[in-house]
Amino acid sequence: MSMLRDPSTKYSAFPQVNLPDRQWPTRTIIAPPRWLSTDLRDGNQAIVDPMDAHKKNRFFDLLVEIGVKEIEVGFPSAGATEFDFISGLVRSGRIPQDVLVQVLTQSREDLIRTSFASLEGAHAAIVHLYNAVSPAWREVVFGMTRDQVREIAVHGAKVMRDEAGKQPGTDWHFQYSPETFSTAELDFSLEVCEAVMEVLAPTPDHPIILNLPATVEAATPNIYADQVEYFIRNLPNRDSAVISLHTHNDRGTGVAAAELALMAGADRVEGCLFGNGERTGNCCLVTMALNMYTQGVDPGIDFSDIDRVIETVEYCNQIPVHQRHPYGGELVYTAFSGSHQDAIKKGFMALETQNDPHWRVPYLPIDPADLGRSYEAVIRVNSQSGKGGFAWVLEQDQGLKLPKKMQADFSPHVQRMADQLGRELNAADIWEAFRKAYHVKTTDKHFQLVDYEESRASDGTRIFTGRIEVGGTAQSVSGRGNGLISSVMGTLRDAFGVELEVVDYSEHALGAGTDANAAAYLECRTPDGHTIWGCGIDEDVATASVRAVLSAANSARPAK
Ligand SMILES: CC(=O)SCCNC(=O)CCNC(=O)[C@H](O)C(C)(C)COP(=O)(O)OP(=O)(O)OC[C@H]1O[C@@H](n2cnc3c(N)ncnc32)[C@H](O)[C@@H]1OP(=O)(O)O
Ligand SMILES: CC(C)C(=O)C(=O)O
């Protein structure tokens, strides 16, 4: 008989909440919640080397700068580093009047007193009390009954109330977390919160914050939303409480749970930038805030320079932000694959030509520019890429807007290079391939243009004169206006035996940042029916078009 047991028998399904008339599924988030950053507390307690005062100060300043108004700055009773940072911050006068700092304490008398001591002199502060309430913690951690666990909370609340009374100069706010709320019986969480409210006597003008943690995420996010809606609907004196959410990400749905619970009626969200926090982290405030932003709701937190935010967060946490992290990751606005590149490029073209202020670029849920990112990295080229990829890079890097048919002509060159190199092609690689393929700006031994001049006749027509040189032989060329290209073609045919028929021609101005003013593209056919493309780039349009002719001629009959 096998000794192996199906491991899933160790676990059981999370029970549903009996809430048949739940309201949250039909609601929409139309306003931002109050945000609390717990980067300096839940985030800090979860990193390998907790932040020193320098890092904590830097993180605090960043949070203030981006507009976070409630900041949990630490756990004062954890030790001297925490206590000194918090009391130092309070004394420094660096806490803006509209920012509330918060500290966390277990519901133990000595720890609560230490927490109040750390905040001495603060103009306002939130003291956050917690104790776990769910059966596993009651039985395994505390070995206590429900009544005894409720008593831990009530006793802590009394100490809080009394300590606050000793420092009347501070505008104290109280927060209570029935830790492990999401795995506890709802009636018990309500019972404990009501008991705490009785002690602290909150009012609608001075409400208590009841923070409902998914300390360990244990169910699908709809269950958490049900729990929060149930809690809110059954809480007496709801108007004297701010309902706060504190989710973790053990199942990968910390943001989703907070979003649904917000729809269930919560007022406030706790989390960390880029989802730092215990184990798999807390609700990611960046993701949640920018999710709102992309629905047309201003989250009230400024991520318009997201790279600076990332730099500080990575420095303080010593954890890199993943390349695929929503909104902030290095690769989240980058398409390597051909069909994505094609659609994105068309999306940007449509933005330019249509008068619609709404963001409608396929595959990009948000405008990278809103986060301070450039469009350069939106499309990158490797062997999975298509025409849209290199065309985008040439346009961004060189200002060239290749005609569609020319893109098809150039495509095999790029594909060959990508396959040969087996790596991403950067802008310099693509430009090099282009220069080689069309003899653009090369000093090879092909047809060269020398001693040329462009001027204008009195009627404005462009006049071109110059010489074509190849292998030591030179021939003068000249032409004007629309006849210039056929005149140069004629010289090539008569003097050098290059026979080409012009099929199509286009030109455009080059944008700022490029070292020339005009680009010209020429599609030609050889006598045996091959298509040949030429490209010319120069300060003047006429010279660019002559160069396009020579570029095609060089491909048609490279000189020895
Ligand atoms: C879900 C969260 O993230 S909560 C935040 C957790 N953060 C931290 O723990 C970081 C800061 N903490 C610390 O530095 C330390 O834990 C300290 C200094 C606060 C306390 O340290 P210690 O005195 O060694 O206690 P420790 O943290 O191990 O706690 C264990 C005791 O506290 C009790 N306890 C745990 N939580 C609570 C609570 N909320 N209320 C009351 N008692 C509690 C436990 O039952 C245990 O009691 P026992 O010793 O009688 O068995
Ligand atoms: C103290 C509470 C809010 C907490 O961090 C948790 O339950 O995860």
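Reading the values: rules and limits
- Counting restarts for each chain, with residues numbered from 1 along the sequence as it is written.
- Numbering of ligands from 1 and lettering of chains from A proceed in the order in which they are written.
- For this predicted model, a pLDDT threshold of at least 70 governs which residues receive local features, and a threshold of 80 or more governs which side-chain atom pairs are given and counted, while totals over whole chains, interfaces and linings are taken from all residues.
- Runs of E in the DSSP output that reach at least two residues are strands. Runs of H or I that reach at least four are helices, and both are numbered from the N terminus.
- For the radius of gyration, the atoms used are the C-alpha atoms, and the globule rule reads 2.2 Å times the number of residues raised to 0.38.
- A residue is called partly exposed when the number of other C-beta atoms within 10 Å of its own lies between 12 and 20, exposed at 12 or fewer, and buried at 20 or more, with C-beta atoms placed from the backbone.
- Here, residues touch in the contact sense if the C-beta positions derived from the backbone fall within 7 Å of one another.
- By definition, two strands form a pair when at least two bridges between them are found by DSSP.
- Interaxial angles span 0 to 180 degrees and are taken between N-to-C directions of axes, which are lines fitted to C-alpha atoms, for helices over the stretch in contact.
- Using a C-beta atom placed from the backbone, a residue is scored as near a molecule or strand whenever that atom is within 6 Å of it.
- Here the word oblique covers every angle except those under 35 degrees (roughly parallel), over 145 (roughly antiparallel) and from 65 to 115 (roughly perpendicular).
- Residue polarity follows a fixed list, in which Ala, Val, Leu, Ile, Met, Phe, Trp, Tyr, Cys and Pro are nonpolar, Asp, Glu, Lys and Arg are charged, and the others, Gly among them, are polar.
- As used here, the arc is the angular range of directions from the helix axis to the C-beta atoms.
- UniProt positions are given in the numbering used here, feature names are shortened, and annotations may be inferred rather than shown by experiment.
- Domain start and end points were adopted from an automatic or database domain assignment.

## Some details on the overall build of the chain
Along its length, the chain carries 17 helices and 14 strands. Over its C-alpha trace the chain gives a radius of gyration of 34 Å, far above what one expects of a compact globule, namely 24 Å for 560 residues. Projecting the C-alpha coordinates of the chain onto the three principal axes gives extents of approximately 105 × 70 × 45 Å. Looking at the 560 residues of the chain, the share that counts as buried comes to 42%. Within the chain, contacts between residues at least 6 apart in sequence are counted, and of these 65% link residues at least 24 apart.

## Digging into the sheet that holds strand β6 (residues 208-214)
Spatially, β1-β2-β3-β4-β5-β6-β7-β8 is the arrangement adopted by the 8 strands of the closed barrel, whose pairing is parallel. The average angle at which neighbouring strand axes cross in this sheet is 25°, direction not considered. Sheet analysis places strand β1 (residues 34-37) next to strand β2 (residues 70-74), joined by 2 bridges and oriented parallel. In the sheet register, serine 37 faces β2, and the bridge partner there is isoleucine 71. Sitting on the sheet, helix α8 (residues 221-234) is in contact with β6 and β7 (241-247), with an inclination near 165° to β7.

## Thoughts on the site of ligand 1
The environment of ligand 1 is made up of 18 residues, and the closest members are Phe75, Ala78, Gln106, Ser107 and Asn131. Only β3 (100-106), β4 (124-132) and α5 (135-142) provide two or more residues apiece to the shell around ligand 1.

## Things to note about the packing of helix α12 (residues 338-353) against helix α13 (residues 387-398)
At a minimum axis distance of 7 Å, the contact between α12 and α13 shows a crossing angle of 50°. Comparing the axis directions of α12 and α13 gives the class oblique. Note on element contacts: α13 touches α12 through Gly388, Gly389, Ala391 and Trp392, opposite Gly338, Gln341, Asp342 and Lys345. Broken down by class, the residue content of the contact of α12 with α13 amounts to 2 nonpolar, 4 polar and 2 charged.

## Details of helix α4 (residues 109-118)
Taken as a whole, α4 has its buried residues at Ile112, Ser115, Phe116 and Ser118. Buried residues of α4, seen end-on, are gathered within an arc of 160° and therefore sit on one face of the element. Buried residues belonging to α4 abut α3 (80-92), β3, β4 and α6 (146-166).

## So, the UniProt feature "binding site: Mg(2+)" (unreviewed entry) in the chain
Within this structure's numbering, the places UniProt gives as "binding site: Mg(2+)" (unreviewed entry) are Asp42, His246, His248 and Asn282. These annotated residues cover 241 residues of sequence, but their C-alpha atoms sit close together, with the largest distance between any two at 10.3 Å. Summarising the element assignment, aspartate 42 is placed in helix α1 (residues 39-43). Leaving out residues up to four positions away in the same chain, aspartate 42 has contacts with Cys272, Gly277, Glu278 and Asn282. Position of asparagine 282 relative to the elements: it lies in the loop between β8 (268-271) and α10 (285-293).

## What about the site of ligand 2?
Taken together, Asp42, Leu104, Tyr130, Ser177, Glu179, Asn211, Pro213, Thr215, His246 and His248 form the complete shell of residues around ligand 2. Counting residues per element, the ones that place at least two in the shell around ligand 2 are β5 (171-179) and β6.

## Details of the domain arrangement of the chain
Partitioning the chain into domains gives domain 1 (35-317), domain 2 (338-417) and domain 3 (447-556). Between the C-alpha centres of domain 1 and domain 3 the distance comes to 70 Å.

## Examining the sheet that holds strand β11 (residues 473-480)
Within the open sheet, the 3 strands sit side by side as β9-β10-β11. Their pairing is antiparallel. Both outer strands of the open sheet, β9 (448-456) and β11, are each paired with one neighbouring strand and no more. This sheet shows a mean twist of 10° between the axes of neighbouring strands, independent of strand direction. Bridge analysis of strand β10 (residues 462-470) against β11 gives 8 bridges, and the strand direction is antiparallel. Considered in β11, the bridge of isoleucine 468 is made with glutamine 475. Docked against the sheet, helix α16 (residues 484-496) engages β10 and β11, running at close to 155° with respect to β11. Along the sheet, helix α17 (residues 541-556) contacts β9 and β10; its crossing angle with β9, the most-contacted strand, is approximately 150°.

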